[in-house]
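Architecture at a glance
Spelled out from the first residue to the last, the chains are:
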Amino acid sequence: MPKSVVTFDIGQTLVDLDLDFLALRLGQRGVTVPTDALRAALPTAWQRYDALTESGASHPWHELMQSLLTGAGVADPMPHVAWLYEQQATANLWRKPIPAMVQIVRELRARTNDVALAALSNSEGHLAELLAEIELAPLFDTIIDSGRVGVAKPDPRIFALTLEALAVEPTVIVHVGDSWAADVEGALAAGWNAIWYRSRASKGNADPRVPIATNAAETRAALSSFGV
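Residues numbered from 1 in each chain as written. Predicted model: local features only at pLDDT ≥ 70, side-chain atom pairs only at ≥ 80, totals over all residues. Heavy atoms only, no water.

**Quick word on the pairing of strand β5 (residues 142-145)**
On a regular strand, one side chain projects to one face of the sheet and the next to the other, so that they alternate. By the bridge criterion, four bridges tie strand β4 (residues 115-121) to β5 in an arrangement that is parallel. Bridge pairing in β5 places Ser121 opposite Asp145. Note on the crossover from β4 through helix α6 (residues 127-133) to β5: the handedness is right-handed. (Pairing = 2+ DSSP bridges. Helix = DSSP H or I, 4+ residues; strand = E, 2+ residues; numbered from the N terminus. Right-handed = clockwise from strand over helix to strand, strands pointing away.)

Here it is, written out as structure tokens:
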């Protein structure tokens, strides 16, 4: 039966960096960092991350975390950053659901007759377990994790694998994600529609095919513009 297909990136689209969990993990290494200090340092860390990605860096995870920990007052942050990255596969720091965005997925999930849903994310191979842990896994018909399928966004093959896993005849396909390079360019290269979800300030884009959504209401309106 023909269905609309909507796929969602996970990190910074449906879940945020969990600063409470990060503070807990650092505490396990004997490093006391108040969550409020991490929260205060986060905007500057994201500015650093965005500047790097706009200059061509693909995924400056270490630089984001180094800036965040430095801004929160952690001395010599790099050993902690390296440890956190090693632990990321089984203790993913991006685990705090964004309620309004998750609500969109729930609303679409209720339309089982005409919408198929997938999580489509570049991750470390344990995305299904993470989504099960935070109780989001049942919302998706399939979960496509680059760490498991062996190919990552923006490679069009991961988008093709997603459609293959869904096994539906799509009337329209829309991918929602926060990375222009991975999510938007990847979706467009695969012949899909894309919504650029930017919870942080955006410089905009020059592609009229791609709506920018800075919150859940704008995301819902953008999906409606594609007939979903």
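**Points about the layout of surface pockets**
Summary: where empty space remains is shown by rolling a probe the size of a single water molecule over the atoms. Within this model, the largest pocket holds a volume of roughly 940 Å³. In this structure, the largest pocket is lined by 39 residues; those nearest its centre are Tyr49, Ser58, His59, Asp178 and Ser179. When residues of the lining of the largest pocket are traced back to their parent elements, those giving at least two are α2 (35-54), α3 (61-71), α6 and α9 (180-189). The dominant element in the lining of the largest pocket, judged by the number of residues it contributes, is α2, at five residues. By residue class, the composition of the lining of the largest pocket is 16 nonpolar, 14 polar and nine charged. Considered as a void within the structure, the second largest pocket measures approximately 240 Å³ in volume. Residue lining of the second largest pocket: 15 residues in total, with Asp16, Leu17, Leu19, Leu42 and Trp46 positioned closest to the centre. Of all the elements in the fold, those that place two or more residues in the lining of the second largest pocket are β2 (15-17), α1 (19-27) and α2. At four residues, the largest contribution of residues to the lining of the second largest pocket is made by α2. (1 Å grid on protein atoms, 1.4 Å probe; cavity = no way out; pocket = protein on both sides within 12 Å on 5 of 7 lines; lining within 4 Å. Points joined across faces, edges and corners; volume = space filled by probe spheres on them. Nonpolar A, V, L, I, M, F, W, Y, C, P; charged D, E, K, R; others polar.)

**Side note on the pattern of salt bridges**
Between side chains of opposite charge, pairing is possible as soon as their charged atoms come close. Going through the model one piece at a time under the given rule, you end up with 11 salt bridges. The shortest N-O distance in the salt bridge between Asp50 and Arg198 comes to 3.9 Å. A residue pair is termed long-range when its members are at least 10 positions apart, and Asp50 in helix α2 and Arg198 in the loop between β7 (193-197) and β8 (212-213) qualify at 148 residues. An identical accessibility class is assigned to Asp50 and Arg198; each is buried. Each of Asp9, Lys153 and Asp183 takes part in salt bridges that share partners, so that together they form one network. (Salt bridge = Lys/Arg side-chain N within 4 Å of Asp/Glu carboxyl O. Buried < 20%, exposed > 50% of the residue type's maximum accessible area, 1.4 Å probe, protein only.)

**As for the packing of aromatic side chains**
This model, assessed by the stated rule, comprises five aromatic pairs. Each ring, one from Trp61 and one from Tyr85, has its centre 5.1 Å from the other, and the planes form 65 degrees; the classification is edge-to-face. One end of the pair, Trp61, is in helix α3; the other, Tyr85, is in helix α4 (residues 78-87), with 24 residues separating them in the sequence. Relative to Trp196, the ring of Trp180 has its centre 5.0 Å away and its plane inclined at 70 degrees; by these criteria the two rings are edge-to-face. Here Trp180, found in helix α9, pairs with Trp196, found in strand β7; they are 16 residues apart in sequence, far enough to count as distant. By relative accessible area, Trp180 is classed as partly exposed at 23%. By way of ring pairs, the aromatic residues Trp61, Tyr85 and Trp94 are connected into one cluster. (Phe/Tyr/Trp six-rings, centres within 6.5 Å; stacked < 30°, edge-to-face > 60°.)

**So, the side chain of Asp18**
Here Asp18 shows up in the loop between β2 and α1. Of the buried charged residues, Asp18 lacks a salt bridge, with Arg95 as the closest side chain of opposite charge at 5.4 Å. Of the polar contacts made by the side chain of Asp18, one reaches the backbone nitrogen of Asp20; its length is 3.1 Å. Not counting residues up to four positions away in its chain, the partners in contact with Asp18 are Leu93, Arg95 and Lys96. (Lys, Arg positive; Asp, Glu negative; His and termini not counted. Polar contact = N/O pair within 3.5 Å; in protein donor to acceptor, adjacent residues only side chain to side chain. Contact = heavy atoms within 4.5 Å.)

**Quick word on the nonpolar core**
In this structure, Phe8, Leu22, Leu68 and Phe140 are the most contacted members of the largest nonpolar core, which totals 60 residues. If sequence neighbours within four positions are ignored, Phe140 has contacts with Phe8, Ile10, Leu14, Val105, Arg109, Leu117, Ala118, Ala119 and Leu131. (Core = buried A, V, L, I, M, F, W, Y, C linked by side-chain atoms within 4.5 Å.)

**Some remarks on helix α5 (residues 99-109)**
The complete set of buried residues in α5 reads Met101, Val102, Ile104, Val105, Leu108 and Arg109. Axial view of α5: buried residues confined to an arc of 145 degrees, hence all on one face. Here the buried face of α5 lies against β1 (2-8), β3 (94-97), β4, β6 (169-177), β7 and α10 (216-225). (Arc of directions from axis to C-beta.)

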